[in-house]
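Structural overview
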Amino acid sequence: MIENYLRKRENLVLVFVLIDARHSPQKIDLDFLNQLDKWQVPFALAFTKADKETQAIVSKNVKSFMDTLKKTWQFLPQHFVTSATKHLGKDKILALIDEKNKE
């Protein structure tokens, strides 16, 4: 059902994949990104819950995630570190949405 929605929805411009920034790279997340790539679905990453952990741990986990992708990906997806509570990343994500809506 998800595959059908993501691959056949003509007006779908970009998918935001939410990744919990409190954790190191998870296989299920990496597998999903690889599947999106295989399906040629454009996406960006939103590392969530950045306010629930120290900045050092969030930075380490985001870097680890992106470094893991670098092992097999030539180009890395755009990514954002976010917090709903502190509105971290909100302006950057809204700017990207605005940009994609104009295309």
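Parameters at a glance
Residues numbered from 1 in each chain as written. Predicted model: local features only at pLDDT ≥ 70, side-chain atom pairs only at ≥ 80, totals over all residues. Heavy atoms only, no water. Phe/Tyr/Trp six-rings, centres within 6.5 Å; stacked < 30°, edge-to-face > 60°. Helix = DSSP H or I, 4+ residues; strand = E, 2+ residues; numbered from the N terminus. Buried < 20%, exposed > 50% of the residue type's maximum accessible area, 1.4 Å probe, protein only. Contact = heavy atoms within 4.5 Å. Pairing = 2+ DSSP bridges. Axes fitted to C-alpha atoms, helices over the stretch in contact; angles between N-to-C directions. Right-handed = clockwise from strand over helix to strand, strands pointing away. Parallel < 35°, antiparallel > 145°, perpendicular 65-115°, else oblique. Left-handed = near helix turned anticlockwise from the far one by under 90°. Nonpolar A, V, L, I, M, F, W, Y, C, P; charged D, E, K, R; others polar. Core = buried A, V, L, I, M, F, W, Y, C linked by side-chain atoms within 4.5 Å.

The next point concerns the packing of aromatic side chains. Considering all chains together, one arrives at 3 aromatic pairs under this definition. Measuring from centroid to centroid gives 6.4 Å for Phe16 and Phe80, while their planes differ by 50 degrees, and the two rings are tilted. Of this pair, Phe16 sits in strand 1 (residues 15-20) while Phe80 sits in strand 3 (residues 79-81), placing them 64 residues apart in sequence. For the ring pair Phe47 and Phe65, a centre distance of 5.4 Å and an interplane angle of 80 degrees mean the geometry is edge-to-face. Of the two residues, Phe47 is situated in strand 2 (residues 43-48) and Phe65 in helix 3 (residues 55-70); the sequence distance between them amounts to 18 residues.

On to the side chain of Thr48. If you trace the backbone, Thr48 turns up in strand 2. Under the relative-accessibility criterion, Thr48 is labelled buried at 17%. The residues contacting Thr48, other than those within four sequence positions of it, are Leu18, Ile19, Asp20, Ala21 and Thr82.

The strand order across the open sheet formed by 3 strands is 1-2-3, and the pairing between neighbours is parallel. One side of each edge strand has no neighbouring strand; the edge strands of this open sheet are strand 1 and strand 3. Mean inter-strand twist for the sheet, computed between neighbouring axes without regard to direction, equals 20 degrees. Across 3 bridges, the pairing between strand 2 and strand 3 is parallel. Across the sheet, Ala46 pairs through a bridge with Phe80, a residue of strand 3.

Glancing now at the pairing of strand 2. Of all 6 residues in strand 2, 6 are buried, a share of seventy percent or more. The side-chain alternation of strand 2 yields two buried faces, one formed by Phe43, Leu45 and Phe47 and the other by Ala44, Ala46 and Thr48. Traced from strand 2 through helix 3 to strand 3, the parallel crossover comes out right-handed.

Let's shift gears to the packing of helix 2 (residues 27-39) against helix 3. Where helix 2 contacts helix 3, the two axes come as close as 12 Å, and the packing angle between them is 45 degrees. Judged by the inter-axis angle, helix 2 sits oblique to helix 3. Every pair of crossing elements has a handedness; the one defined by helix 2 and helix 3 is right-handed. Taken together, the residues of helix 3 that come into contact with helix 2 (itself represented by Asp29, Leu30 and Leu33) are Phe65, Thr68 and Leu69. Grouping the amino acids of the contact of helix 2 with helix 3 by side-chain chemistry returns 4 nonpolar, 1 polar and 1 charged.

Here is a general trend for soluble globular proteins: nonpolar side chains tend to be buried in one another's company. Grouped together as the largest cluster of nonpolar side chains are 20 residues, with contacts concentrated most on Leu33, Leu45 and Phe65. When residues in this core are grouped by element, the largest group, 5 residues, is from helix 3. Setting aside its immediate chain neighbours within four residues, Leu33 contacts Val17, Phe43, Leu45, Phe65, Leu69 and Trp73. Grouped together as the second largest cluster of nonpolar side chains are 6 residues, Leu14, Ala44, Ala46 and Leu96 included.

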